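Structural overview
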Amino acid sequence: MSDSPAIPHGAQVEADSAHHEHPSYQRHHFVTFEQQADTTNFAMWLFLLTEIMFFGGLFTAYLIMRNWYYPAFVAASHQLNIGWGTANTAVLITSSFTMAMGVWCAETRRKAGLVLCLGLTFILGLAFLGIKSIEYHEKWEKHHIPGLHYSIKSFVDPASDPEVYKSYPQDTGLQLDMANKTELYFFLYFAMTGMHALHMIIGIAILGFMIFRARAGAYTTGHVTFVENFGLYWHFVDIIWIFLFPLLYLISRHQ
Amino acid sequence: MSEQNLHPAQQDQTEHHIVSPIIYIAVGAALLVLTATTVGVSFIDLGIFNPIVALAIAVIKAVLVVLFFMHVKYSTKLTKLTVIAGVFVFLGLISMTMADYISRAWGRW
Amino acid sequence: MSAATIVVLPDQSTARIPKMNFITRENGLLSWLLTGDHKRIATLYLISITFFFFIGGALAGLIRLELLTPQTDLVAADTYNKLFTMHGVIMIFFFLVPSVPATLGNFLIPMMVGAKDLALPKVNLLSWYLYIIAGIMAIYTMAAGGVDTGWTFTTPLSTHYLNTHVISTGLAIFVAGFSSIFTGLNFIVTIHKMRCPGMTWFRLPLFVWSNYAASILMVLGTPVLAITLVLIVLERTVGIGVFDPAKGGDPLLFQHLFWFYSHPAVYIMILPGMGVISEVVSTFSRKRVFGYTAVAFSSVAIAVFGFFVWAHHMFIMGISNYAVLVFSLLTMLVAVPSAIKIFNWAFTLYKGSITFETPMLYAFGFMGLFTIGGMTGVFLGASGTDIHLTETYFIVAHFHFVMVGGMLMAFLAGIHFWWPKWTGRMYPEKISQLAAVVTFIGFNLTFFPQFILGTLGMPRRYAAYPPEFQILNVFSTAGATILGIGYLLPVLYLTWSLKYGAIAGNNPWQATGLEWQTQSPPLTENFLEIPIMDHEAYDYEWLERMQQKEVASVG
C-alpha cells in the first residue's frame, strides 16, 4: 500500500518519460526544469523582500532623525562630496547595465560576452567600493566618524573648514546642541552606506565565483538561473543606493 | 507531456522572454540622465518640494530598474504581486511610525 | 469519556513497519546531519526544540519557586530578572516560533501539497544549522551570566544601564531570526510552486493555509527585528545615540522597530497551531471544516492586519494620543478573523461524530483557552483598560493563555495526531489522555489566578510582591508543578512508543489529506509518483469510496 492511490494509470507512462528527460542540473524533487527555474526565481524575490524590510528599519530611523534635526542634517550633508557621490551612482548604474547584459549573454548562450559582462560588473563594483573608501577616509580625516574622536568643530564654526566654506559661504554655523546632532547623521550615514557596502562586498565575492564558473561554460548551456537570480540581487543593491544617494547627499544643496 | 499541462505552476511562458539589449541601453541611459537631473535640481531652491522631487526621481529610477533590469514587466502576476506586497509593508512600517512622531506635536486632543 | 474511537489499526500480529522509509533509507550520523530530506530535518528540529523547551521550562519553574513567597528570598532580584528574560527569549525564539512550522510544517507541507520535498532543501538544512548556532550562542549567554533586560530589550535600559550579555543574546536572536526567515521563505515558495496537478489553492488543507500566512509574517517581519538588534549592538558598542535621548535619539524608536516584528511574531506563533486545530477538529468530528473559505482567508487576514497593530504594546510608553487611537481601533479589527476561526470550528463540531482521542482533547483545550486568552487581548486592546492592566500579571496571564493554553496545546495536538505518520507507531492512548487532562488542569491553576493578580495590581517582572498576593501566587506555583508533570509525561510515553507502540498503518485516524494516503513512516521521496488531486479538502465521502475499493492487506 505504499503507492499513492490517486494516480490514474494513464499518467504513469508519461511520468516515466518525464523522469528520463530532465537535464542534469534539475533537482529530483522538481517535475520539470521550468518549475525549478520558476521556483528559484520566486525564492530570490522573497529573499529581496526580506532585504527591503531589513533596510526599512534604517530608513525609518533616518526619516525620524531628519525630521527632528533638519539643520544638522543639512550641514552634515553639505560636508559629503557630491562629486564622489554622483560618480558612485553612475558607476553603480553602469554596473547594473553590465549585469543585465550579462544575463542576456547567458540567455543567448554567449560565453565570451557573459564573462566580459560579469568582469565589467566586478570591476565597477570594486570601483564603487574604492570611491566609498576614499569618502570614508575623508570622513576619518575630518573626524566625522561617530564614536571615534568625533568633532563638531566644522559645524559650529564653518570657517574652520575652508573646503566646505568655499561651497557654502552663507553657512552660519549651528548652535551647540544642534551641532551635536550631526553625529546622529553620520551614524546613519555610516550604518546605511556601510550596510549597503557589505551587501556589495558579498555580491562582488559571488561575482568572482561566477566569473570562474562562467569561463567553464556553466551558465551558457541553458542553466541560466544562477546568473538571473544573482542579477536580481545586484539590481536590488543598486536600488538601495538609488534611494540612499538623494537622501544622504542631496539635502538642501541649494543653500 | 500532457501531465505538465495540469500542473498549476506551469501557467506562464514568460520566463523565456529575453529582453533585448536595446531596452537595457535605453533604460541605462535614462537612469544616468535622471541621476544628472536629480543632482542639478538639488541646487535649485524649490522650498518644500526639493525632497519631494528628489524622492520622486529616485522612485522613477527604481521603477525602471525593477521593470526592465529585473524583468518584472515580463514576469508573472505572482512576481508583480510579490514586489507590491514588499513595498506595501515597507511603506506601512515607515508611514505608521512617522504618523506617531508627527502626531506627537499635535498636543493632547 | 466515550469509549468510541475512530482509530483503525492493522492486525498487530502481522503488521510491520515498512522496511523502506525515510528513517531506514540511509544510515549514519552524516546522513542525518547533511540531509536534504524535509522529514529528517523536521525530526532534527523536533529534538532540538524539545531540548530548549525544557530549558525554558526549568527557568519557569525557578520563577514560580521564587514567587512562592513575597520576599526576594530564593534568588537575588538581578538573578530573577535574568530568569524571566532567558525564559522569555528561549520560549519565544527557540521554542514557540519554530514549534509547529519547523517540525510539523517541515514534515507535512510537501506531502500535503503533493510534492517530493520542499522547494529548497539545502536552505531548509541551513535553517536548522542557523537554529543550532543561535541555540549555542544562547546557551553560552546563560552560562556566561545571562541577560536581565526582559526579552523585550527595552531601551535605554538595555543600551545604557545594564552590564549584562545583551550583545550575545541579541546576536543569538539575530541568527535564530534568519533560521525562521528561511523556513518561511521555503514554505511560501513550495506552496506557490510545488502543488501537484489538481491541487488548487482551495483544495489545500487548512494547515497549509495557516503556515502560508505565518510564513508571510516570518519573511516580512523578522528582518526588521534583525536590523533592530544590529542597532542595539551598535548602540552598546559604538554609542551611536539613535536610542539615547542625551544624543538626540529616541528610545521609543527602538520599541517601534522591535514591536513591528514582535507583534506579527505572536501571529507567527499561533497561526500554525490554528492550522493543526483545523485538521484535528475535522478528523475527530468526521466532518469537513465549516466555512473553509472563511477559515483560509481569515488566516491571511490575521497576517495582513497583524502588521499594523504593533503599537498596542506601547500605549503607555509615550506615543501620541492619535497613534493610541488608531492602533487601538486596528487591534479590535485583528481580533475578528481569530474569532471567525473559533466560530467555524464550533460549527464544524455541530452535528459531527465527535470522539475524544488525545489530539481532540488538546484541541478542545485550545478552543476554550485560546478564546479566553484572545478575549483578554481585546480587553487590553482598549487603551483605557490597557493603561491599568499593562505591565501587570494580567498581561502575563493573557499571553500565557494564548501561547501555552493555545499554541502549546495545539502543538501537542499536532504531535499526537501525526505521531503515527511520523514514526509508524501509535502512542499509548490512555496515558496520553491523562496527560492532556493533567495539562489542562495544571494550566488553569497556574495562569487563571494571574488574571486576578493583574487586576489587583501585581506588577510583572518583580521578584517581590505585597504579602496579600501570596495565596494566589501559591496556587499558581502549585499549578505550575502539575503542568510540568503534564509536559513531562508525553516525552516519556512518546519515547516509549518508538519501540513498544502499536503499529499504526497508513491511516489510523481515517483522515483525508494526501499525507495519510502514504505509508507510515513515509518514503524519503514521499510519493513514488506525483499524485493528482481530484477531490476537495476534507472529503470524507471520497475517503469512504477509496476504502471500499482497497483490498485489505498486510501493512
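Just above, that's the structure.
This text gives an overview of the structure that appears in the document. Per chain, the residues get numbers from 1 upward, laid out in the order the sequence is written. By the order in which they are written, chains take letters starting at A while ligands take numbers starting at 1. In keeping with the model being predicted, local features are shown solely for residues with a pLDDT of at least 70 and side-chain atom pairs are shown and tallied solely at 80 or more, while totals for entire chains, interfaces and linings include all residues.

What chain A contains, in helices and strands, is 10 helices and 0 strands. Numbering of helices and strands runs from the N terminus, with a helix taken as a DSSP run of H or I at least four residues long and a strand as a DSSP run of E at least two residues long. Going residue by residue from the N terminus, the α and β elements of chain A occur as α-α-α-α-α-α-α-α-α-α. Along the first, second and third principal axes, the C-alpha atoms of chain A reach 85 × 45 × 30 Å. Think of it as a crowd count around each C-beta: if 20 or more other C-beta atoms lie within 10 Å the residue is buried, if 12 or fewer it is exposed, and in between it is partly exposed, with C-beta placed from the backbone throughout. A buried classification covers 51% of the 255 residues belonging to chain A. Within chain A, counting contacts between residues at least 6 apart in sequence, those at least 24 apart form 77% of the total. With C-beta atoms placed from the backbone, a contact is any residue pair whose C-beta atoms sit within 7 Å.

This part takes up the overall build of chain C. Along chain C, the regular secondary structure elements total 16 helices and 0 strands. Relative to the compact-globule value of 24 Å for 555 residues, chain C shows a C-alpha radius of gyration of 23 Å, a close match. Considered along the principal axes of its C-alpha atoms, chain C spans approximately 75 × 45 × 45 Å. Of all 555 residues assigned to chain C, the portion counted as buried reaches 58%. Residue pairs at least 24 apart in sequence account for 86% of intrachain contacts in chain C once pairs closer than 6 positions are excluded. Every radius of gyration here is taken over C-alpha atoms, with the globule rule written as 2.2 Å times N^0.38, N being the number of residues.

In this section: the interface of chain B and chain A. Listed as interface residues are 42 residues of chain B and, on the opposing side, 45 residues of chain A. Elements with a contribution of two residues or more to the side of chain B that touches chain A: helix H1 (2-5), helix H2 (21-42), helix H3 (49-69) and helix H4 (77-104) of chain B. The biggest single contributor to the side of chain B that touches chain A is H4 of chain B, with 11 residues. Looking at side-chain class alone, the side of chain B that touches chain A contains 25 nonpolar, 13 polar and 4 charged residues. Residues are sorted three ways: Asp, Glu, Lys and Arg are charged, Ala, Val, Leu, Ile, Met, Phe, Trp, Tyr, Cys and Pro are nonpolar, and all the rest, Gly among them, are polar.

What follows is about the interface of chain A and chain C. With 40 residues of chain A in contact, the opposing surface of chain C contributes 47 residues. When residues of the side of chain A that touches chain C are traced back to their parent elements, those giving at least two are helix H1 (10-21), helix H2 (33-68) and helix H9 (182-215) of chain A. Considering every element that reaches the side of chain A that touches chain C, the biggest residue donor is H2 of chain A, with 17 residues. A per-class count over the side of chain A that touches chain C returns 23 nonpolar, 13 polar and 4 charged.

On to H3 of chain B. A helix is expected to reach a length of 1.5 Å times the quantity of its residues less one. Here H3 of chain B is 21 residues long and its end C-alpha atoms lie 29 Å apart, about the 30 Å a rise of 1.5 Å per residue gives. When we look at burial in H3 of chain B, the residues that qualify are Asn-50, Ala-54, Ile-57, Ala-58, Lys-61, Leu-64, Val-65, Phe-68 and Phe-69 of chain B. Taken around the axis of H3 of chain B, the buried residues stretch over an arc of 120°, which confines them to a single face. Projecting away from the buried face of H3 of chain B at angles above 90 degrees are the exposed residues Phe-49, Ile-52 and Val-59 of chain B. Buried residues along H3 of chain B sit against helix H4 (82-107) and helix H10 (225-249) of chain A together with H2 of chain B. Looking one or two residues past H3 of chain B, His-71 of chain B carries a phi angle of roughly 65°, positive in sign. It is the directions from the helix axis to the C-beta atoms whose arc is reported.

It is worth spelling out the packing of helix H3 (residues 70-78) of chain A against H9 of chain A at this point. All names here are of chain A. The contact between H3 and H9 brings their axes to 8 Å, and the two run at 60°. Overall, the two elements H3 and H9 adopt an arrangement that is oblique. The crossing of H3 and H9 is right-handed. Taken together, the residues of H9 that come into contact with H3 (itself represented by Ala-72, Phe-73, Ala-75 and Ala-76) are Thr-182, Tyr-185 and Phe-186. For helices, the fitted axis covers only the stretch in contact; all axes are lines through C-alpha atoms, and the angles between them, taken along N-to-C directions, range from 0 to 180 degrees. In this scheme, roughly parallel covers angles under 35 degrees and roughly antiparallel covers those over 145, while 65 to 115 is roughly perpendicular and the rest are oblique. The handedness criterion is simple: a crossing whose near helix is rotated anticlockwise from the far helix by less than a right angle is left-handed, and one whose near helix is rotated clockwise is right-handed.

The next thing to look at is the packing of H2 of chain A against H4 of chain B. The interhelical angle for the contact between H2 of chain A and H4 of chain B, taken along N-to-C directions, is 20°, at an axis separation of 9 Å. In terms of orientation, H2 of chain A lies roughly parallel with respect to H4 of chain B. When you trace H2 of chain A past H4 of chain B, the crossing you get is right-handed. Residues Phe-42, Trp-45, Leu-46, Leu-49, Ile-52, Met-53, Gly-56, Phe-59, Thr-60, Leu-63, Ile-64 and Asn-67 of chain A of H2 of chain A pack against Leu-78, Thr-79, Thr-82, Gly-86, Val-89, Phe-90, Leu-93, Ile-94, Thr-97, Met-98 and Tyr-101 of chain B of H4 of chain B. Looking at side-chain class alone, the contact of H2 of chain A with H4 of chain B contains 16 nonpolar, 7 polar and no charged residues.

Quick look at H2 of chain A now. Residue and element names in this part refer to chain A. Taking 1.5 Å of rise per residue, the 36 residues of H2 would be expected to cover 52 Å, and the 53 Å separating its terminal C-alpha atoms lies within 8% of that figure. At Gly-56, H2 shows its maximal kink, close to 30°. Among the 36 residues that make up H2, 29 are buried, leaving the element largely enclosed by the rest of the structure. Values of bend correspond, residue by residue, to the angle between axes fitted over the seven residues ending at that residue and the seven starting there.

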